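The primary structure of each chain is shown beneath.
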Amino acid sequence: MTDRIARLLVVGSASIHTWRFLSGIAPHVGELYLACNGEVPADKRPANLKGELRVDFSLKAWSSAGRLKAWIAEVKPEVVHVHQANSVAWHARRALRGSSIPMLLTAWGSDVLLLPNQNRLMRAMVRGNLQAAAAITSDSLYMAAKIRELAGDCRISLLNYGIDALPPAPVIDAKKKQVLSCRLHKPLYRIDAILKGWAEVESSGRFGDWSLVVAASGSETDGLKQLAAALGLKRVEFTGFVDSATLGRLYADSRVFVSVPRSDATSISLLEAMGHGCFPLLSNLPANGEWTIDGLNGAIAEDVGRLGPELCRAMARAEDDGALQAIAEMNRGLVAAKALHQANMAGFAALYRELV
């Protein structure tokens with residue numbers, strides 16, 4: 001590509017999402033630079049990542065903006081792409097004050113959906129970060145609407161990180177009678193509600209040949225295992241953290257994917273599950289509604305405190321091979337149209353060129 005920008009500076013926290021974005025955007029720019037609070041793993045480091053600056057993004061680190069400003073003057077990027085409208089963007093916008101370099105700000109979810117609700121100072125910080133950006137990207141229409149509520153009239157593009165590729169078409173009749181949960185074991189994701197709902201399934205006497213797989217890990221893992229034991233669950237497997245290949249096999253084997261967080265934007269886990277032909281059972285969040293219509297291509301659980309009946313409803317639908325095949329084809333079409341990684345990375349690159 002001859003019209004790609006020469007130098008891009010990415011400012012973001014140490015996260016698998018940041019590493020994945022770096023590798024995806026690398027072919028679309030000349031040189032990459034990264035300001036981050038952690039080191040890129042060797043196997044995730046793009047060949048054209050030419051420089052890194054270690055930055056403390058905490059709100060108490062007043063000197064971070066000055067260090068970042070000096071580094072920007074040295075690197076001379078054409079665009080500064082900031083990931084998350086929280087303290088990361090607060091430091092970046094102070095570093096760019098008075099500069100003509102455009103700042104693109106990508107909202108991740110909780111930075112816009114939850115952080116402004118903490119107190120007036122956090123709301124003012126997020127609003128200021130959004131208003132300082134030349135353009136903003138959102139991975140859902142709902143989050144874009146919240147951004148406009150906070151920041152007023154601003155330029156927003158709908159882009160997501162997407163999944164790397166559409167998986168091979170699932171073999172529906174080879175899928176196990178299995179429900180998969182693979183969100184992190186943190187309070188936000190309410191894995192405890194899934195276990196309590198599964199206890200209702202086991203006590204119902206129905207679906208005796210179904211099992212629940214709880215993948216991933218986190219701060220609540222030990223407590224969740226203790227809860228499963230206290231509930232007397234017999235058909236639950238905790239896999240711990242699994243690599244991407246193993247996770248792909250779990251999606252391929254599962255008929256139902258369950259994810260019921262309190263807040264979420266467009267979830268990569270949901271996109272992967274849809275691509276693998278799983279029936280999605282989701283909490284009633286606006287971003288989920290952009291991908292799943294209750295009763296059509298998945299199910300929405302209005303009351304996560306009573307998840308047992310919703311799990312039974314989802315399993316009853318998903319054990320019908322014909323119904324699951326039709327839902328899988330519909331969901332895979334949505335993912336192919338809207339959520340492939342390289343197509344979205346090309347969208348980010350086009351936005352850079354417009355800003356420059």
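Right above here is the structure, for reference.
Residues numbered from 1 in each chain as written. Predicted model: local features only at pLDDT ≥ 70, side-chain atom pairs only at ≥ 80, totals over all residues. Heavy atoms only, no water.

J.: Explain the packing of helix 7 (residues 191-204) against helix 12 (residues 307-318) to me, and be specific about the residues and the numbers.
T.: In the contact formed by helix 7 and helix 12, the axes pass within 7 Å of each other and the chain directions differ by 70°. By the criterion of interaxial angle, the relationship of helix 7 to helix 12 is roughly perpendicular. The two elements helix 7 and helix 12 meet at a crossing, and its hand is right-handed. Judged by residue contacts, Ala-193, Ile-194, Gly-197, Trp-198, Glu-200 and Val-201 of helix 7 engage Leu-307, Gly-308, Pro-309, Leu-311, Cys-312 and Met-315 from helix 12. Here the residues of the contact of helix 7 with helix 12 are counted per class, giving nine nonpolar, two polar and one charged. (Axes fitted to C-alpha atoms, helices over the stretch in contact; angles between N-to-C directions. Helix = DSSP H or I, 4+ residues; strand = E, 2+ residues; numbered from the N terminus. Parallel < 35°, antiparallel > 145°, perpendicular 65-115°, else oblique. Left-handed = near helix turned anticlockwise from the far one by under 90°. Contact = heavy atoms within 4.5 Å. Nonpolar A, V, L, I, M, F, W, Y, C, P; charged D, E, K, R; others polar.)

J.: With reference to specific residues and values, describe the environment of Asp-139.
T.: Along the chain, Asp-139 turns up in the loop between strand 6 (135-138) and helix 6 (141-151). Sequence separation between Asp-139 and Ala-228 is 89 residues, and the spatial gap between their C-alpha atoms is 34 Å.

J.: I'd love a proper account of the sheet that holds strand 5 (residues 103-106), names of residues and values included.
T.: Here seven strands make up an open sheet; going across it, the order is 3-2-1-4-5-6-7 and the pairing parallel. Unpaired on one side and paired on the other, strand 3 (49-54) and strand 7 (156-158) mark the two borders of the sheet. Neighbouring strand axes in the sheet, compared pairwise and without regard to direction, differ in orientation by 20° on average. Bridge count for strand 1 (residues 7-11) against strand 2 (residues 31-36) is five bridges, and the pairing is parallel. Following the sheet pairing, Val-11 is matched in strand 2 by Ala-35. (Pairing = 2+ DSSP bridges.)

J.: Can you explain the sheet that holds strand 8 (residues 178-181)? Please cite residues and give values.
T.: The strand order across the open sheet formed by six strands is 10-9-8-11-12-13, and the pairing between neighbours is parallel. Each end of this open sheet is capped by a strand with a single partner; those strands are strand 10 (236-240) and strand 13 (299-301). Strand after strand, the sheet turns through a mean of 20° between neighbouring axes, direction not considered. Here three bridges tie strand 12 (residues 279-283) to strand 13, and the two strands are oriented parallel to one another. Residue pairing in the sheet places Leu-281 in a bridge with Ala-299 of strand 13. Strand contacts of helix 7: strand 8, strand 9 (211-215), strand 10 and strand 11 (256-259), with the helix running at about 170° to strand 9, the strand carrying the most contacts. In the packing of helix 12 onto the sheet, the strands contacted are strand 8, strand 11, strand 12 and strand 13, and the crossing angle to strand 12 comes to about 160°.

J.: Describe the packing of aromatic side chains, and please don't skip the residues or the numbers.
T.: Summed over all chains, the structure comprises eight aromatic pairs. Relative to Phe-348, the ring of Phe-21 lies with its centre 5.2 Å away and its plane at 90°, an arrangement referred to as edge-to-face. Here the residue Phe-21 occupies a position in helix 1 (residues 16-25), and Phe-348 occupies one in helix 14 (residues 341-355), the gap between them amounting to 327 residues. One exposure class covers both Phe-21 and Phe-348, and it is buried. Measuring from ring centre to ring centre gives 6.5 Å for Trp-108 and Tyr-161, while their planes differ by 90°; the resulting arrangement is edge-to-face. With Trp-108 in the loop between strand 5 and helix 4 (110-113) and Tyr-161 in the loop between strand 7 and strand 8, this residue pair connects regions lying 53 residues apart in the sequence. Each member of the aromatic cluster is reached from another via a ring pair, and the members are Phe-21, Trp-108, Tyr-161 and Phe-348. Sitting over the ring of Trp-90, Arg-94 keeps its end group 3.9 Å from the ring centre. It is Lys-338 that lies over the ring of Trp-291; its NZ or CZ is 4.3 Å from the centre. (Phe/Tyr/Trp six-rings, centres within 6.5 Å; stacked < 30°, edge-to-face > 60°. Buried < 20%, exposed > 50% of the residue type's maximum accessible area, 1.4 Å probe, protein only. Lys NZ or Arg CZ within 6 Å of the ring centre and 35° of its normal.)

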